[in-house]
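Chain by chain, the residues run as shown.
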Amino acid sequence: MSDPNAPQSQDALPPIQILIIPVTSFQQNCSLVWSPETKKGAVVDPGGDVPLILKAIEEHGVDVEKIVLTHGHIDHVGGAADLAEALKVPVEGPHEADRVLIERVKDQARQFGLSDVKPVEPDRWLVEGDTMEMAGRSFEVFHCPGHAPGHVVFFDRELRLAISGDVLFAGSVGRTDLPGGDHDTLIASIKTKLLPLGDDVSFLPGHGPASTIGRERENNPFLR
Ligand SMILES: [Zn+2]
Ligand SMILES: [Zn+2]
């Protein structure tokens, strides 16, 4: 047993390292997640700007083992096929309810005036209760529809950290006017799955700054 009051060694490595790489005109928070100890990691939601993501991977010397997707919107999946091909890694997520969105990513591209996007074929669809391993850690999978039908959220219970995509933002929630969106379903996902994780949990959203569940429970106007 180690003494919890003992001072931490100065060169103790953090359990996980996360670099936010804003991608596409939507400034989507693509994240490079890795273990500082092993350098093994993953890319979450490579929506586009693949050269930028590859450069960050090289700069930090990360051994990317997989690509992980929270949902099927173009700003989250637009670069996944190219990145998977470049790195020769599998793609995990989202929930299969987003299959149609992903298959029609070219239609999404047209809608938003983007081009040069290929649909990706996930190697593993995720469901509620699954475990998704990345950067040497286990993340619990929560299926949180409402913004997109197949949206999933990843949660490291020990680190008190969630990667929440476009479900919940600092001061806002995901839009629900896109195909398959539904506001009541979204609010139910947040209230039944994210708020119970605990006020101390930090979450990293798909757009904008990070926040905590507690801060949003108190101040988010959509959760009153
Ligand atoms: Zn979205
Ligand atoms: Zn988004």
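This report concerns the structure included in the present document. (Residues numbered from 1 in each chain as written. Chains lettered and ligands numbered in written order. Predicted model: local features only at pLDDT ≥ 70, side-chain atom pairs only at ≥ 80, totals over all residues. Heavy atoms only, no water.)

Here we look at empty space enclosed by the protein
For the record, the criterion: Any residue with an atom within 4 Å of a point lines the site, the site being either a cavity, points on a 1 Å grid over the protein atoms alone where a 1.4 Å probe fits but cannot get out, or a pocket, an open set with protein on both sides within 12 Å along at least 5 of 7 lines. Grid points are joined across faces, edges and corners, and a volume is the space filled by probe spheres set on the points. Runs of E in the DSSP output that reach at least two residues are strands. Runs of H or I that reach at least four are helices, and both are numbered from the N terminus. Residue polarity follows a fixed list, in which Ala, Val, Leu, Ile, Met, Phe, Trp, Tyr, Cys and Pro are nonpolar, Asp, Glu, Lys and Arg are charged, and the others, Gly among them, are polar.
Taken as a whole, this structure holds 1 cavity of 30 Å³ or more when the rule is applied. Quantified by volume, the largest cavity comes out at close to 40 Å³. Gln28, Asn29, Ser31, Val44, Asp45, Ile163, Gly165, Leu204, Pro205 and Gly206 together form the lining of the largest cavity. In terms of residues, the lining of the largest cavity owes the most to one element, strand 2 (residues 28-34), which gives 3 residues. Taken together, the residues that form the lining of the largest cavity break down as 4 nonpolar, 5 polar and 1 charged.

Considerations on helix 6 (residues 183-194)
The following threshold applies: Any helix carries an expected span of 1.5 Å times its number of residues minus one. Between buried and exposed lies partly exposed: a residue is buried under 20% and exposed over 50% of the maximum accessible area for its type, with that area taken using a 1.4 Å probe on protein chains only. The directions considered for the arc are those from the helix axis to the C-beta atoms. The criterion used for residue contact is that any of the two residues' heavy atoms lie within 4.5 Å.
Helix length check: helix 6 (12 residues) gives 15 Å between terminal C-alpha atoms against 16 Å at 1.5 Å per residue, within 8%. Within helix 6, burial applies to Leu186, Ile187, Ser189, Ile190 and Leu194. End-on view of helix 6: buried residues confined to an arc of 155°, all on one side of the axis. Of the residues in helix 6, the exposed ones pointing more than 90 degrees away from the buried face are Asp184 and Thr192. Of the surrounding elements, those touching the buried residues of helix 6 are strand 8 (152-156), strand 10 (168-169), strand 11 (172-173) and helix 7 (213-219).

Considerations on the pattern of salt bridges
The condition that has to hold: In the sections that follow, a salt bridge refers to a side-chain nitrogen of Lys or Arg positioned within 4 Å of a carboxyl oxygen of Asp or Glu.
One pass over the full model with this rule turns up 17 salt bridges. For the salt bridge of Glu103 with Arg99, the shortest nitrogen-to-oxygen distance reads 3.4 Å. Residue Glu103 and its partner Arg99 are both found in helix 4 (residues 99-103); the two are separated by 4 residues, about one turn of the helix. Here Arg124 makes a salt bridge to Asp130, at a shortest N to O gap of 3.8 Å. If you follow the salt bridges from partner to partner, you end up with Lys66, Glu92, Arg124 and Asp130 in one network.

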